[in-house]
Amino acid sequence: MNLKNIVVVLVRPDESRNVGAVCRAMANNGISRLRIVGKRTDYDDERVRILAIHAVGIWEQAFFFDSITDAVKDCVIAAGTTRRRGKKRGKLLLPEEFAETCGMTTDGGDGALVAAVFGNERTGLTEEELDECTMGVTIPSDEAFGSLNLSHAVQVICYEIFRNARPLSPGTVPVTLGRLEKTVSAISDNLQKIGFFSLAGREDMEKFWRDVLSRANVSEGEAQYIEKTFSKMGGLAGKNQKKDGKWLD
């Protein structure tokens, strides 16, 4: 695993000191890519530096985005951290399971990026924000006091990734989430052509394919093959409709 391919994404954190503490937690574990959903001007630079101490370089090189989707579009996996199990959240990985996923996904080069996404200190990630991620990760804690400080949560996740890090032989680099959208659209467009969707359901189907394909670490060649398969299916269905005047059962 290449720790340089691990990205920590903070979603509109409230407290400048917490951002500094996150930088230090990342540096403890050899992780340096920090992205923040928000604006740099939202934070007190001096207060960030006080807590970051010698990890201030991570803050200085942090990138800022308008949404989670923008922040992770060049990643192949975006894992949202949460302690609440919602109806759409599916299976939540433990930190060590997520670390294993990172190890299988990243390589020794500059390729596949994996993002660990952390919500606001007060609210965590909302359902809508979790929908922008492709999997969920949870840190077990006592039910009587389940909420972790932001930097503590980052420390736990980064530590598990650090411990799991090991050299991997070069392999196929999975496509990014931004590239994966083309495949998801191809699937949905062709399912639409054959009448798979009646009035609703496309959005849920797209999320299903996005989540499954991102976990599968689909390569560029595999993505193209999937697109061709669904395109051919849509084309054949169109020919049958034109020939018989109706969809075949």
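Residues numbered from 1 in each chain as written. Predicted model: local features only at pLDDT ≥ 70, side-chain atom pairs only at ≥ 80, totals over all residues. Heavy atoms only, no water.

1. Comments concerning helix 9 (residues 202-215)
Step number 1: For helix 9, spanning 14 residues, the distance from its first C-alpha to its last is 20 Å, which sits close to the expected 20 Å at 1.5 Å a residue.
Step number 2: One or two residues past the end of helix 9 sits N217, with phi positive at roughly 55°. (Helix = DSSP H or I, 4+ residues; strand = E, 2+ residues; numbered from the N terminus. Expected span 1.5 Å × (residues − 1).)

2. Some remarks on the environment of L51
Step number 1: Within the fold, L51 resides in helix 2 (residues 45-52).
Step number 2: In this structure L51 comes out as partly exposed when scored by relative accessible area, which is 31%.
Step number 3: The spatial distance from the C-alpha of L51 to the C-alpha of N18 is 7.6 Å, given a sequence separation of 33 residues. (Buried < 20%, exposed > 50% of the residue type's maximum accessible area, 1.4 Å probe, protein only.)

3. A word on the sheet that holds strand 2 (residues 33-37)
Step number 1: A sheet is described by the order of its strands in space; here seven strands give the open sequence 3-2-1-6-4-7-5, paired in parallel fashion. Taken across any chain shown, the strands that pair with only one partner, and hence form the sheet edges, are strand 3 (63-65) and strand 5 (92-93).
Step number 2: Judged from the five bridges that link them, strand 1 (residues 6-11) and strand 2 form a sheet pairing that is parallel. What sits directly across from V9, in strand 2, is R35. (Pairing = 2+ DSSP bridges.)

4. So, the packing of aromatic side chains
In this description, an aromatic ring pair is defined by two values, namely the gap between the centres and the angle between the planes.
Step number 1: Per the counting criterion, the structure on display carries four aromatic pairs.
Step number 2: Centroid distance F208 to W209: 5.5 Å. Interplanar angle 75°. Geometry classified as edge-to-face.
Step number 3: Seen from their ring centres, W209 and F230 are 5.8 Å apart, and the 80° between their planes marks the pair as edge-to-face. Pair noted here: W209 is in helix 9 and F230 is in helix 10 (residues 220-244), with a separation of 21 residues, a long-range link.
Step number 4: Classification of F230 by relative accessible area gives buried; the value is 14%.
Step number 5: Here the aromatic residues Y43, W59 and F64 are joined through ring pairs into a cluster of three or more.
Step number 6: R40 extends its terminal NZ or CZ atom over the ring of W59, reaching a point 4.8 Å from the ring centre. (Phe/Tyr/Trp six-rings, centres within 6.5 Å; stacked < 30°, edge-to-face > 60°. Lys NZ or Arg CZ within 6 Å of the ring centre and 35° of its normal.)

5. Quick look at the side chain of S16
Step number 1: Here S16 lies in helix 1 (residues 16-28).
Step number 2: Setting aside chain neighbours within four positions, we find S16 in contact with Y43, D44, R47 and V48. (Contact = heavy atoms within 4.5 Å.)

6. A short note on helix 2
Step number 1: Looking at where helix 2 begins, the residue whose side-chain oxygen comes 3.0 Å from the main-chain nitrogen of E46 is D44.
Step number 2: Directly beyond the C-terminal end of helix 2, a positive phi value near 55° is found at I53. (Polar contact = N/O pair within 3.5 Å; in protein donor to acceptor, adjacent residues only side chain to side chain.)

7. Observations concerning the side chain of N164
Step number 1: Looking at the element boundaries, N164 is found in helix 7 (residues 150-164).
Step number 2: Judged by relative accessible area, which is 16%, N164 ranks as buried.

8. Comments concerning unusual backbone geometry
Step number 1: Phi at I53 is positive, roughly 55°, even though this residue is not glycine.
Step number 2: Along the chain, I53 turns up in the loop between helix 2 and helix 3 (56-60).
Step number 3: Positive phi values are uncommon outside glycine, yet N217 reaches one of about 55°.
Step number 4: With respect to the helices and strands, the residue N217 is situated in the loop between helix 9 and helix 10.

9. With respect to the environment of N120
Step number 1: Inspection of the secondary structure puts N120 in the loop between strand 6 (114-118) and helix 6 (127-131).
Step number 2: Residue class for N120 comes out buried when judged on its relative accessible area of 11%.
Step number 3: Residues N120 and D14 lie 106 residues apart in sequence; the distance between their C-alpha atoms is 6.6 Å.
Step number 4: Non-local contacts of N120, meaning those with residues more than four positions away in its chain, are made with V11, R12, P13 and D14.
Step number 5: A distance of 3.4 Å separates a polar atom in the side chain of N120 from the backbone nitrogen of T123.

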